[in-house]
Amino acid sequence: MSTVEEMIGRTDPNDFEAILSMTNTDPNEVIHSVENNAECIYSWDYEKGARPQLAKLYEKAKAGQWNAETDLPWETEVDQEALAVEEYEMNGSAGDVMDLSGTGVESWGRNEWVKFNMESQNWALSQFMHGEQGALVCTAKIVETVPWMDAKYYAATQVVDEARHVEVFAKYLDTKLSGTYPINVHLRMLLDDIVQDSRWDMTYLGMQIMVEGLALAAFGLIYQQSQEPLLKQLLRYVMSDEARHVAFGVLSLKEVYSDMTQAELRDRQEFAFEAALRMRDRFLQQEVWERMGADVKKVIPLAYADPLRQEFQQLLFTKIVPNCKKLGLLDGGDGWLRKKFGEIGVIQYEDWVDTAEEVDAFAITRELEAEAAANTES
Ligand SMILES: [Fe+2]
Ligand SMILES: [Fe+2]
């Protein structure tokens, strides 16, 4: 058992001083290497369908493939500034709802807030791109480390999915937006932790349940808010894959956790909570405030308290919490994770639908069929 301090380096999860003192040591780094401590496992048991639910998901994955270059309307003109102006006119700025004196942004007018909206978008999509690369690497690791053949098959399809996701976010950033950001330090620490762990189920928990569960919720929120047709379709297609990925995690871990001791489960609960905090910290978008010249340590605690921001932060957990419940992680042992999720204000989502149940609702089968039909006609 670890203390919260041992897990995240601070006792109070909301200690902004400590959170913001963590920064990337080398923002110009191009190659980042991490020790991968896991064993590579071969299985000589080739029975297909030994785990029927995974075998079914593998079939769905093969039918759900799309091509990032040809299936998205890349010819769409995107006027990022006009969209940022629209957003400003609709939602205003943090300066409208709180006193930002002494933060360096108190004198910002419309131009600065519009620029801030654009930078926020550059930042958010950059972090998604980095997270997608994390998923690419982690899923390749699962292919190596999981002992079940059906899971190796499925994970192999996910590797292709994740390559496509890195590809689409990189292309959107490069051709439609106005800049990129290096990986956020909290996200990087989490990805490093996941790769370093020697236990194969921890890759699943860190990536499929936590990182991808959060991504699925975040993509859904942005999909609802965005008016930009290319981004909407891109997210819709990516979400159809992500829902399968999260379901893959839920179906696999359910089997693994059913045989675990209380102590082993507690390790998983702690890892899930650590991941939850790291991901919450990453959404503080400290790099955007920094690039815009704000006093980061003053402005972030205020921006964090903005009720709209709080609601967004909480909604990011709408997939994670029900999935953890389905896995028995909320109430395992003495219910430690339930208590912790209560403390960070996200336990209210426990009875929302879990992703193994809703995976088909995200499928893009109809779109892909319509496209195939159009191709045969022409
Ligand atoms: Fe992905
Ligand atoms: Fe994924």
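Model, not experiment: these values are computed from the prediction.

Time to look at empty space enclosed by the protein. Under the defined criterion, the tally for this structure stands at one cavity of 30 Å³ or more. In this structure, the largest cavity encloses a volume near 130 Å³. Around the largest cavity, the lining is made up of 15 residues, and of these F128, G131, E132, V211 and A215 lie nearest the centre. Among the secondary structure elements, those contributing two or more residues to the lining of the largest cavity are α6 (110-145), α9 (200-225) and α11 (262-282).

Here we come to the nonpolar core. Counting residues in each nonpolar core, the largest one holds 122 residues, and the members touching the most others are W289 and F341. Apart from residues no more than four positions distant in its own chain, W289 is found in contact with V105, W108, W113, F116, L284, A294, V296, V299, I300 and A303.

Right, let's talk about the coordination of the iron ion (ligand 2) for a bit. At the metal site, the iron ion (ligand 2) is ligated by E162 (OE), E212 (OE), E242 (OE) and H245 (ND1), and these contacts range over 1.8 to 2.1 Å. Note that the iron ion (ligand 2) binds four donor atoms; their angles at the metal cover 89 to 165°, and the shape is irregular. Counting residues between consecutive donors of the iron ion (ligand 2) along the chain gives the motif E-x49-E-x29-E-x2-H. Taken as an interatomic distance, the gap from the iron ion (ligand 2) to the iron ion (ligand 1) is 3.0 Å; E162 donates to each of them. Of the two residues, E212 is situated in helix α9 and H245 in helix α10 (residues 229-257); the sequence distance between them amounts to 33 residues. Grouping residues by exposure puts E212 and H245 together as buried.

Moving on: the pattern of salt bridges. Applying the stated rule across the entire model yields 31 salt bridges. The residue E89 makes a salt bridge to R110 at a minimum N-O spacing of 3.0 Å. One end of the pair, E89, is in helix α4 (residues 80-91); the other, R110, is in helix α6, with 21 residues separating them in the sequence. The class of E89 is exposed, set by a relative accessible area of 54%. Looking at R110, the relative accessible area reads 40%, which means it is partly exposed. Across the pair D281 and R280 runs a salt bridge, and its minimum N-O distance is 3.6 Å. Since its relative accessible area comes to 7%, R280 is described here as buried. One connected set of salt bridges, linked through shared partners, spans K325, D331, R338, E350 and D351.

What counts and what doesn't
Residues numbered from 1 in each chain as written. Chains lettered and ligands numbered in written order. Predicted model: local features only at pLDDT ≥ 70, side-chain atom pairs only at ≥ 80, totals over all residues. Heavy atoms only, no water. 1 Å grid on protein atoms, 1.4 Å probe; cavity = no way out; pocket = protein on both sides within 12 Å on 5 of 7 lines; lining within 4 Å. Points joined across faces, edges and corners; volume = space filled by probe spheres on them. Helix = DSSP H or I, 4+ residues; strand = E, 2+ residues; numbered from the N terminus. Core = buried A, V, L, I, M, F, W, Y, C linked by side-chain atoms within 4.5 Å. Buried < 20%, exposed > 50% of the residue type's maximum accessible area, 1.4 Å probe, protein only. Contact = heavy atoms within 4.5 Å. Donors = N, O, S within 2.8 Å, 3.2 Å for Na, K, Ca; no water. Tetrahedral: all angles 85-135°; square planar, octahedral: opposite > 155°, others 65-115°. Salt bridge = Lys/Arg side-chain N within 4 Å of Asp/Glu carboxyl O.

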